[in-house]
Amino acid sequence: EAQVTQNPRYLITVTGKKLTVTCSQNMNHEYMSWYRQDPGLGLRQIYYSMNVEVTDKGDVPEGYKVSRKEKRNFPLILESPSPNQTSLYFCASSSLTGRREQYFGPGTRLTVT
Amino acid sequence: GENVEQHPSTLSVQEGDSAVIKCTYSDSASNYFPWYKQELGKRPQLIIDIRSNVGEKKDQRIAVTLNKTAKHFSLHITETQPEDSAVYFCAASIGGNEKLTFGTGTRLTIIP
């Protein structure tokens, strides 16, 4: 089954404790992206990647890091989480040819206390 | 950078009536405009998209119109049904999904 998976789905952590949210897709998509969703603000792009070893900043990259060492994986790293990073996070992937529909993962709800 | 404004933020319509959601964008170079639907507790899913070389696109009860001169595009849902209740997001980008800017969303409620 074609899908995007994220782990963990729920995470409660404390300020300053480094964490990684994993994202994996099995559709051989070149493009992957991370978004955060906050009430009243919609979906805001954090980082995106056009292919392996190619990453670029979205609209809200501060406080986040990403890497794309393999085509299928695109982890999101919070080196020193702060309460303002409490949010719902979505990973997405798409092909760079054809319709370019973005397929979203199930989301990760992160709470930083 | 690109800025996408979406209105209204909430919309309630009687079942069977039509619903219209409007978005405006700021960057005249944007040429790809998808619409995503997010049901409660679920992930966003693409429902329709349009490129700037097309003025209108229709898929059954859903249609999108684009006015490049005015830099706005709209989602039209006809003969609304309860399963249309969801949050709808418009988005805009240059080229494709490379840097996709979303609107703030419209919560659509269909009243039986």
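These figures come from a predicted structure and were not determined experimentally.

Draft legend 1. Structural detail: the overall build of chain B. Along chain B, the regular secondary structure elements total zero helices and 11 strands. N-terminal to C-terminal, the α/β element order of chain B is β-β-β-β-β-β-β-β-β-β-β. Radius of gyration (C-alpha) of chain B: 13 Å, near the 13 Å computed for a compact globule of 112 residues. Its C-alpha atoms put chain B at 40 × 25 × 20 Å along the principal axes. Across the 112 residues of chain B, 47% fall into the buried class. In chain B, the proportion of contacts linking residues at least 24 apart, taken out of those at least 6 apart, comes to 53%. Accessible surface, chain B as shown: approximately 5400 Å² in total, 48% of it carbon and sulfur. Charge centroids of chain B, computed over 12 positive and 13 negative side chains, lie 4 Å from each other.

Draft legend 2. Structural context of the nonpolar core. Counting residues in each nonpolar core, the largest one holds 24 residues, and the members touching the most others are Trp35(B), Phe73(B), Leu75(B), Tyr88(B) and Leu108(B). Of all elements in the fold, only strand 2 (10-14), strand 3 (19-25), strand 4 (32-38), strand 5 (45-51), strand 7 (62-67), strand 8 (72-77), strand 9 (86-92) and strand 11 (106-111) of chain B reach the threshold of two or more residues within this core.

Draft legend 3. Here's a closer look at the state of the cysteines. Per the counting criterion, the structure on display carries two disulfides over all chains. What pairs with Cys23(A) in a disulfide is Cys91(A), and their sulfur atoms sit 1.8 Å apart. The sign of the -70 degrees torsion about the S-S bond sets the Cys23(A)-Cys91(A) disulfide as left-handed. Here Cys23(A) is found in strand 3 (residues 19-25), whereas its partner Cys91(A) is found in strand 9 (residues 87-94), with 68 residues between them in sequence. Pair check on accessibility: Cys23(A) and Cys91(A) agree, each one buried. Two residues, Cys23(B) and Cys90(B), share a disulfide whose sulfurs are 1.9 Å apart. With the S-S dihedral at roughly -100 degrees, the linkage between Cys23(B) and Cys90(B) falls on the left-handed side. Here Cys90(B) lies in strand 9 and Cys23(B) lies in strand 3, a separation of 67 residues in the sequence.

Draft legend 4. Geometry of the environment of Arg109(A). Residues and elements named next belong to chain A. Assignment of secondary structure puts Arg 109 in strand 11 (residues 108-112). On a C-alpha basis, the gap between Arg 109 and Pro 8 in space is 8.4 Å, while along the polypeptide they are 101 residues apart. Those residues in contact with Arg 109 that lie beyond four places of it in its chain are Arg 9, Tyr 10, Leu 11, Ser 87 and Leu 88.

Draft legend 5. Quick peek at the pattern of salt bridges. Throughout the structure, instances matching the rule amount to eight salt bridges over all chains. Residues Lys37(B) and Glu39(B) are paired through a salt bridge, measuring 3.5 Å at the closest nitrogen-oxygen approach. According to the relative accessible area criterion, Glu39(B) is partly exposed, its value standing at 34%. When salt bridges with common partners are traced through the structure, they connect Lys18(A), Lys65(A) and Glu79(A) into a single cluster.

Draft legend 6. Highlighting the interface of chain A and chain B. Facing the 24 residues of chain A at the interface are 22 residues of chain B. Carbon and sulfur atoms make up 47% of the area that chain A and chain B hide from each other, which totals about 1800 Å². Linking chain A with chain B are one salt bridge. Between Lys99(B) and Asp59(A) there is a salt bridge, with its nearest N and O atoms 2.6 Å apart. On inspection of chain A and its partner chain B, the count reaches five residue pairs in polar contact (both at pLDDT 80 or more).

Draft legend 7. Looking closely at the sheet that holds strand 8 of chain B. Residue and element names in this part refer to chain B. Spatially, five strands are ordered 1-3-8-7-6 in an open sheet, and the strand pairing comes out antiparallel. Both edges of this open sheet fall to strand 1 (4-7) and strand 6 (56-59), since each of them pairs with a single strand only. Geometrically, the sheet is characterised by an average inter-axis angle of 15 degrees between neighbouring strands, direction not taken into account. With six bridges joining them, strand 3 and strand 8 adopt antiparallel strand pairing. Within strand 8, the position partnered with Val 20 by the bridge is His 76.

Cut-offs and rules
Residues numbered from 1 in each chain as written. Chains lettered and ligands numbered in written order. Predicted model: local features only at pLDDT ≥ 70, side-chain atom pairs only at ≥ 80, totals over all residues. Heavy atoms only, no water. Helix = DSSP H or I, 4+ residues; strand = E, 2+ residues; numbered from the N terminus. Rg over C-alpha atoms; globule rule 2.2 N^0.38 Å. Buried < 20%, exposed > 50% of the residue type's maximum accessible area, 1.4 Å probe, protein only. Contact = heavy atoms within 4.5 Å. Areas by Shrake-Rupley, 256 points an atom, 1.4 Å probe, with all protein chains shown as cover. Lys, Arg positive; Asp, Glu negative; His and termini not counted. Charge placed at Lys NZ, Arg CZ, Asp CG, Glu CD. Core = buried A, V, L, I, M, F, W, Y, C linked by side-chain atoms within 4.5 Å. Disulfide = S-S within 2.5 Å. Salt bridge = Lys/Arg side-chain N within 4 Å of Asp/Glu carboxyl O. Buried area = accessible area lost by both parts, 1.4 Å probe. Polar contact = N/O pair within 3.5 Å; in protein donor to acceptor, adjacent residues only side chain to side chain. Pairing = 2+ DSSP bridges. Axes fitted to C-alpha atoms, helices over the stretch in contact; angles between N-to-C directions.

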